[in-house]
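A structural walkthrough
As a plain string of letters, each chain reads:
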Amino acid sequence: MSHLLSADDSLLFFPACPEQAVIVHQALKKYQDYTGQLLSPAKCSLLSSAHCPDDTLDEIKAILQIQTSTFEAKYLGLPTPEGRMSADRFKSISERLAKRMNSWSEKFMSSGAKEVLIKSVAQAIPTYMMGVFKLPASTCDVYTKMIRDFWWGDDENKRKVHWIAWENLVLPKGLGGLGFRDLRLFNQALLGRQAWRLIQYLESLCARILKAKYYPNSELIDAVFPVDSSPSWKGIEHGLHLLKKGLVWRIGDGSKVNIWRDQWIPKESAFKPMGRSRCRLRWVSQLMVPREKCWDEELIRHVCYPHDAEDILKIKIMQFPVEDFPAWHYERTGVYSVRSAYRIALSCQASSTAGSSSSSPSGERRIWRNIWNLQAPPKVKIFAWRLARDCLATQRNRKSRKLVSDSTCRTCGGEEEDGFHAVISCTRAKALRKEMREYWRLPAVEELTNYGPDWLLLILEKLGTEERAQFVLVLWRSWFLRNDSLFGSGKASVRASVIFLQNFWDTLFQIKHGTTVDIKGKAPCQSVCSRN
């Protein structure tokens, strides 16, 4: 029998048999006699396994004088793991998000404000529950749909156009996405941390209990688990699949690590060596020089392929006695982190989506930083991102979705309206840039060329920090002029836009340098001291 104290409750674990129930009852009676504190059986609950016979359960309840044979639906904010964990058990997280969204005035929010609310509130609500249980796929889909509808402005009566697939929005910003979370993958990354703790803290009470129940005769990494396991353990299993993709052995004496079966070579992928035929060596310690802390280079080059031999010889052997131990490959510290695990899961799923021109090992393109590091408000950055991803509501995109029959520009009528034409080639966009050249340094006309899908990223790459921000602001205002002429009053003029951009830039400069002018007189009063 063991106990766990949580809040003001005590949890007692014992085998489901009358003999153990008698022992527990005697222990509780002694506790009441010695302390003077009385136990209220009416407030106690009994939770048993589904395999426990009803007759045995009734006998245990009679011995302990307990009437309630089930726990409450939720305990410490989590659904009680009793029976099948269906999607109805996790409805509370969707209901909490719905209550939050009812207080958010979506129509009056900028895209930057929506991004902050989604990342800091909406995606944070299920984190606690996802760290313990594997959420059903239907629950993740319903919750993701609520976030997706809020981002695009859907309501009960009308569905807005989703101009780009959600799979592209969950990509990291360095890969051309917005960095929203894929709930299924994030759930798996959180559960991987639970599996990591079982590996790191072998002597903890939780690790010893789970090992005795699910893998008594093997290690967690190598065990084959039963199908009829608890919901909590199924979640750990789900996280363990992801943990294995980045778990490597750090070599100490090499006595625990199998050369051909275990992952122990730190490289980008395939942490195991490719074995040659008829090799009887089994343990990594056999690749070392006996009684010396160094590799047997001749033996390694003989039994391993050249590329594996080079990677093995790069591993530094510790000069003091230490056993082999597992580590997380994707962190310098060797400690598992949810952030790096989520990125690994996302890269495995979206490897085909990543740009082929990337020079980064993670697939990220540094050129996207020119947008996210702009000295501009978040809504302007998101506009630039939508322009670079070609997901603005241009006539060409509207025609591809059967919203209009003609993709010709309705402002100038010169050619098909895509993102480049709307903010660069159109007459009003040209007029605005011509006026703004008197005040700002903008790219020359010959530099504004449509190089293909990455035309905006390539232009921004050639500009300085200040010129880059000013150029994007001009494009942002050009898109406003276009929308005002098509869907607004049409009263917005180029001259008024020039004045707006100048004032807008001055305000940004004052905010950045902390020299904001107190126009409304709301600054704290400063005391004035006079001396005679």
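To start, this report covers the structure provided alongside it. (Residues numbered from 1 in each chain as written. Predicted model: local features only at pLDDT ≥ 70, side-chain atom pairs only at ≥ 80, totals over all residues. Heavy atoms only, no water.)

1. Points about the overall build of the chain
- Looking only at helices and strands, the chain features 21 helices and 6 strands.
- Each principal axis of the C-alpha distribution contributes one length, and for the chain these read about 90 × 80 × 70 Å.
- Taken over 532 residues, the chain has a buried fraction of 41%.
- For the chain, the proportion of contacts with a sequence separation of at least 24, taken over those separated by at least 6, is 61%.
- Side-chain charges in the chain split into 77 positive and 57 negative, and the spacing between the mean points of these groups amounts to 5 Å. (Helix = DSSP H or I, 4+ residues; strand = E, 2+ residues; numbered from the N terminus. Buried < 20%, exposed > 50% of the residue type's maximum accessible area, 1.4 Å probe, protein only. Contact = heavy atoms within 4.5 Å. Lys, Arg positive; Asp, Glu negative; His and termini not counted. Charge placed at Lys NZ, Arg CZ, Asp CG, Glu CD.)

2. Some details on the packing of aromatic side chains
- Counted according to the given criterion, the structure contains 19 aromatic pairs.
- Between Trp151 and Phe180, the aromatic rings sit 5.3 Å apart at their centres with planes inclined by 75 degrees, giving edge-to-face as the arrangement. Of this pair, Trp151 sits in helix H6 (residues 137-152) while Phe180 is found in the loop between helix H7 (166-169) and helix H8 (183-200), placing the two residues 29 residues apart along the sequence. We note that Trp151, like Phe180, is buried. (Phe/Tyr/Trp six-rings, centres within 6.5 Å; stacked < 30°, edge-to-face > 60°.)

3. Observations concerning the state of the cysteines
- Overall, the coordinates contain 0 disulfides when judged by the stated rule.
- Left without a disulfide partner, Cys17 is nearest to the cysteine sulfur of Cys52, which lies 9.5 Å away. (Disulfide = S-S within 2.5 Å.)

4. Things to note about a negative patch on the surface
- Taken together, the side chains of Glu19, Asp54, Asp55, Asp58 and Glu59 present a region of like negative charge at the surface.
- With 4 residues, helix H2 (residues 54-64) is the single largest residue contributor to the negative patch.
- Secondary-structure assignment places Asp58 in helix H2.
- On the accessibility criterion, Asp58 (44% relative accessible area) is partly exposed. (Patch = residues over 30% accessible without salt bridge, like charges linked within 9 Å, V, L, I, M, F, W, Y side chains within 5 Å. Areas by Shrake-Rupley, 256 points an atom, 1.4 Å probe, with all protein chains shown as cover. Salt bridge = Lys/Arg side-chain N within 4 Å of Asp/Glu carboxyl O.)

5. A closer look at the nonpolar core
- Counting residues in hydrophobic clusters, the biggest one holds 104 residues, and the most contacted among them are Leu169, Trp233, Leu243, Tyr336, Val423 and Phe471.
- Beyond its immediate sequence surroundings of up to four residues, Trp233 is in contact with Leu198, Leu210, Tyr214, Tyr215, Leu220 and Phe225. (Core = buried A, V, L, I, M, F, W, Y, C linked by side-chain atoms within 4.5 Å.)

6. A few points about helix H15 (residues 378-388)
- Of all 11 residues that make up H15, 8 are buried, and the element is covered over most of its length.
- One or two residues past the end of H15 sits Asp390, with phi positive at roughly 55 degrees.

7. Structural notes on empty space enclosed by the protein
- Overall, the coordinates contain 1 cavity of 30 Å³ or more when judged by the stated rule.
- One number sums up the size of the largest cavity: a volume of about 40 Å³.
- Thr411, Ala422, Cys426, Arg428, Ala429, Ser478, Leu481 and Arg482 together form the lining of the largest cavity.
- Broken down by secondary-structure element, the contributors of at least two residues to the lining of the largest cavity are helix H18 (427-436) and helix H20 (465-487).
- In terms of residue class, the lining of the largest cavity is built from 4 nonpolar, 2 polar and 2 charged. (1 Å grid on protein atoms, 1.4 Å probe; cavity = no way out; pocket = protein on both sides within 12 Å on 5 of 7 lines; lining within 4 Å. Points joined across faces, edges and corners; volume = space filled by probe spheres on them. Nonpolar A, V, L, I, M, F, W, Y, C, P; charged D, E, K, R; others polar.)

8. Considerations on the pattern of salt bridges
- Applying the stated criterion across every chain yields a total of 16 salt bridges.
- A salt bridge links Glu435 to Arg495, with the nearest nitrogen and oxygen atoms 3.9 Å apart. You can see Glu435 sitting in helix H18 and its partner Arg495 sitting in helix H21 (residues 494-513), a full 60 residues away along the chain.
- You can call Glu435 partly exposed: its relative accessible area is 28%.
- Within the structure, one salt-bridge network assembled from shared partners comprises Glu115, Lys119 and Lys173.

9. Here we look at the side chain of Asp182
- Relative to the assigned elements, Asp182 resides in the loop between H7 and H8.
- Despite its burial, Asp182 remains without a salt bridge, the nearest opposite charge being carried by Arg184 at 5.8 Å.
- Of note is the side chain of Asp182, whose polar atom sits 3.1 Å from the backbone nitrogen of Arg184. (Polar contact = N/O pair within 3.5 Å; in protein donor to acceptor, adjacent residues only side chain to side chain.)

10. Side note on the side chain of Gln470
- Summarising the element assignment, Gln470 is placed in helix H20.
- Gln470 has contacts with Trp440, Arg441, Leu442 and Trp505, leaving out every residue within four places of it along the chain.

11. Quick notes on the packing of helix H4 (residues 111-122) against H6
- Contact pair H4 / H6: the axes reach a minimum separation of 10 Å and the direction vectors enclose 160 degrees. When the interaxial angle is binned, H4 and H6 end up roughly antiparallel. Considering the relative orientation of H4 and H6, their crossing is right-handed. Counted together, Ser111, Lys114, Glu115, Leu117, Ile118 and Ala122 of H4 and Tyr143, Ile147, Phe150 and Trp151 of H6 form the full contact between these two elements.
- Residue composition of the contact of H4 with H6, grouped by class: 7 nonpolar, 1 polar and 2 charged. (Axes fitted to C-alpha atoms, helices over the stretch in contact; angles between N-to-C directions. Parallel < 35°, antiparallel > 145°, perpendicular 65-115°, else oblique. Left-handed = near helix turned anticlockwise from the far one by under 90°.)

12. Looking at helix H12 (residues 306-313)
- Residues of H12 that are buried: Asp308, Ala309 and Ile312. Viewed along the axis of H12, the buried residues span an arc of 100 degrees, placing them on a single side of the element.
- The secondary structure elements touched by the buried residues of H12 are helix H11 (297-303). (Arc of directions from axis to C-beta.)

13. What to know about the packing of H8 against helix H10 (residues 231-243)
- Here H8 crosses H10 at 90 degrees, and the two axes come no closer than 7 Å. As judged from the angle between their axes, H8 and H10 are roughly perpendicular. Each of Gln188, Ala189, Leu191, Gly192, Gln194, Ala195, Trp196, Leu198 and Ile199 in H8 lies in contact with H10, whose residues at this interface are Trp233, Gly235, Ile236, His238, Gly239, Leu240, His241, Leu242 and Leu243.

14. Remarks on the environment of Cys391
- The topology assignment puts Cys391 in the loop between H15 and helix H16 (395-400).
- C-alpha separation for the pair Cys391 and Thr465, spaced 74 residues apart in sequence, amounts to 25 Å.
- Among residues more than four places away in sequence, those in contact with Cys391 are Trp163, Ile164, Trp385, Arg386 and Asn397.

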